[in-house]
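Analysis of the macromolecular model
Below, each chain spelled out in residue letters.
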Amino acid sequence: MTSIPTPAPVIRMQGIKREYRMGGRHAKGDDAIVVRALRGLDFSAGAGEFVSVMGPSGSGKSTLMNILGCLDKPSAGTYTLDGIETSESDSDTFAYIRNRKIGFVFQSFNLLARTTALENVELPMFYRRREKGVKPYGTRERRERARAALREVGLEKRMDHYPSQLSGGQQQRVAIARAIVNDPAFILADEPTGNLDSQMSLEIMGLFQQLNRRGKTIVMVTHEPEFAAYTKRIITLRDGTLVSDVEGEGRDAGRELARWKSDNSLLADGKIPGVPPEGGA
Ligand code: ADP
Ligand code: MG
């Protein structure tokens, strides 16, 4: 009898703990204060998921982000990313995983200011040179891949612009293009709409939904239930433990953006009944 193998999850965390020891390196016994930021967390996500991580301030979201992003190691527990057991990795492997398996998107975009959109997106591909057994991309291939990523986020007409010549929403698109250019196992986004106004936030959520429909796996930390509603699954942390794991509303950001725009143009035109046109008598 043959059985269909279940695909390995992209993210598999078991019994993850992270403790911060305060009071200095030599503090012992009563002098040492241990902050238990994560207290034995189990979390798995498969390919194609779109998960938001919520929870009040101090609940452990950033700590979890850092571990998910291979910026930090847990004090206990195991974390397997795309089949690689990260807790046993040396720092080179850790750096390799960060560069190749994870696409980071930050609240503050983190683009290089004196560098065009295209060059910003090319950047993660330079690190391939330093990896053993990996054929580096040639100049042309790098450029082609960066162009394709910028087309995917709808910025084909802005490739030669510098970040200062782009709106916040456009800068975040560049950052998303940079995050997907190495074809990572998942995108890790930290409050990606935190610095954006309502319209730009909806555009970015719509873009994430588009990428997710094309198969990209996304984990997004957010404070706002409003944005979590666009994802397919919501996990909530409290005091370092996972207190709920529910299906998201999966609201359609593209549709809401269209409605938002038409409401605003109606308002601007003074066509909403009962609302006098601006400057009208
Ligand atoms: P959140 O991102 O949800 O606000 P954090 O992961 O930043 O939560 O913090 C979880 C807990 O761990 C908090 O009590 C915080 O004070 C503590 N903590 C976070 N980072 C450190 C650190 N570097 N040293 C000591 N305690 C920390
Ligand atoms: Mg935080």
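Everything quoted here is computed from the prediction, not taken from an experiment. (Residues numbered from 1 in each chain as written. Chains lettered and ligands numbered in written order. Predicted model: local features only at pLDDT ≥ 70, side-chain atom pairs only at ≥ 80, totals over all residues.)

**Side note on the site of ligand 1**
The immediate surroundings of ligand 1 are formed by Tyr20, Met22, Val35, Ala37, Gly55, Ser57, Gly58, Ser59, Gly60, Lys61, Ser62 and Thr63. Listed by contribution, the elements that provide at least two residues to the shell around ligand 1 are β1 (11-22), β2 (33-45) and α1 (61-68). If one sorts the elements of the shell around ligand 1 by residue count, α1 sits on top with three residues. Along the lines of polarity and charge, the residues of the shell around ligand 1 split into four nonpolar, seven polar and one charged. (Near = placed C-beta within 6 Å. Helix = DSSP H or I, 4+ residues; strand = E, 2+ residues; numbered from the N terminus. Nonpolar A, V, L, I, M, F, W, Y, C, P; charged D, E, K, R; others polar.)

**Quick look at the sheet that holds strand β9 (residues 233-238)**
With mixed pairing, six strands are arranged side by side in an open sheet as β6-β7-β8-β3-β9-β10. Across the chains shown, the open sheet's two edge strands, defined by having one partner strand only, are β6 (102-105) and β10 (241-247). When the angles between neighbouring strand axes are averaged without regard to direction, this sheet yields 20°. (Pairing = 2+ DSSP bridges. Axes fitted to C-alpha atoms, helices over the stretch in contact; angles between N-to-C directions.)

**A look at the nonpolar core**
In this structure, Val121, Leu150, Ala177 and Val219 are the most contacted members of the largest nonpolar core, which totals 62 residues. Not counting residues within four places of it along the chain, the set of residues in contact with Val219 comprises Ala45, Val51, Val53, Leu68, Phe186 and Leu188. (Core = buried A, V, L, I, M, F, W, Y, C linked by C-beta atoms within 7 Å. Buried ≥ 20, exposed ≤ 12 C-beta atoms within 10 Å, placed from the backbone. Contact = placed C-beta atoms within 7 Å.)

**Some remarks on the sheet that holds β2**
The sheet built from four strands is open, its strands ordered β2-β1-β4-β5 with antiparallel pairing. One side of each edge strand has no neighbouring strand; the edge strands of this open sheet are β2 and β5 (84-85). Looking at chain direction, strand β4 (residues 76-81) and β5 are connected through two bridges and run antiparallel. Across the sheet, the residue bridging to Leu81 is Ile84, located in β5.

**Focus on unusual backbone geometry**
We note that Asn110 has phi near 55°; this positive angle belongs to a residue other than glycine. For Asn110, the position within the fold is in the loop between β6 and α3 (117-126). Backbone geometry places Asp183, a non-glycine residue, at a positive phi of 50°. Looking at where Asp183 falls in the secondary structure, it is placed in the loop between α5 (168-180) and β7 (186-190).

**Focus: α5**
Here α5 is 13 residues long and its end C-alpha atoms lie 19 Å apart, about the 18 Å a rise of 1.5 Å per residue gives. Counting buried positions along α5 yields eleven of 13 residues, so the element is predominantly enclosed. Residues of α5 that are buried include every one of Gln170, Gln171, Gln172, Arg173, Val174, Ala175, Ile176, Ala177, Arg178, Ala179 and Ile180, and no others. Lining the buried residues of α5 we find β6, α3, α4 (139-152), β7 and α6 (198-213). (Expected span 1.5 Å × (residues − 1).)

That's the geometry; what it means functionally is another story.
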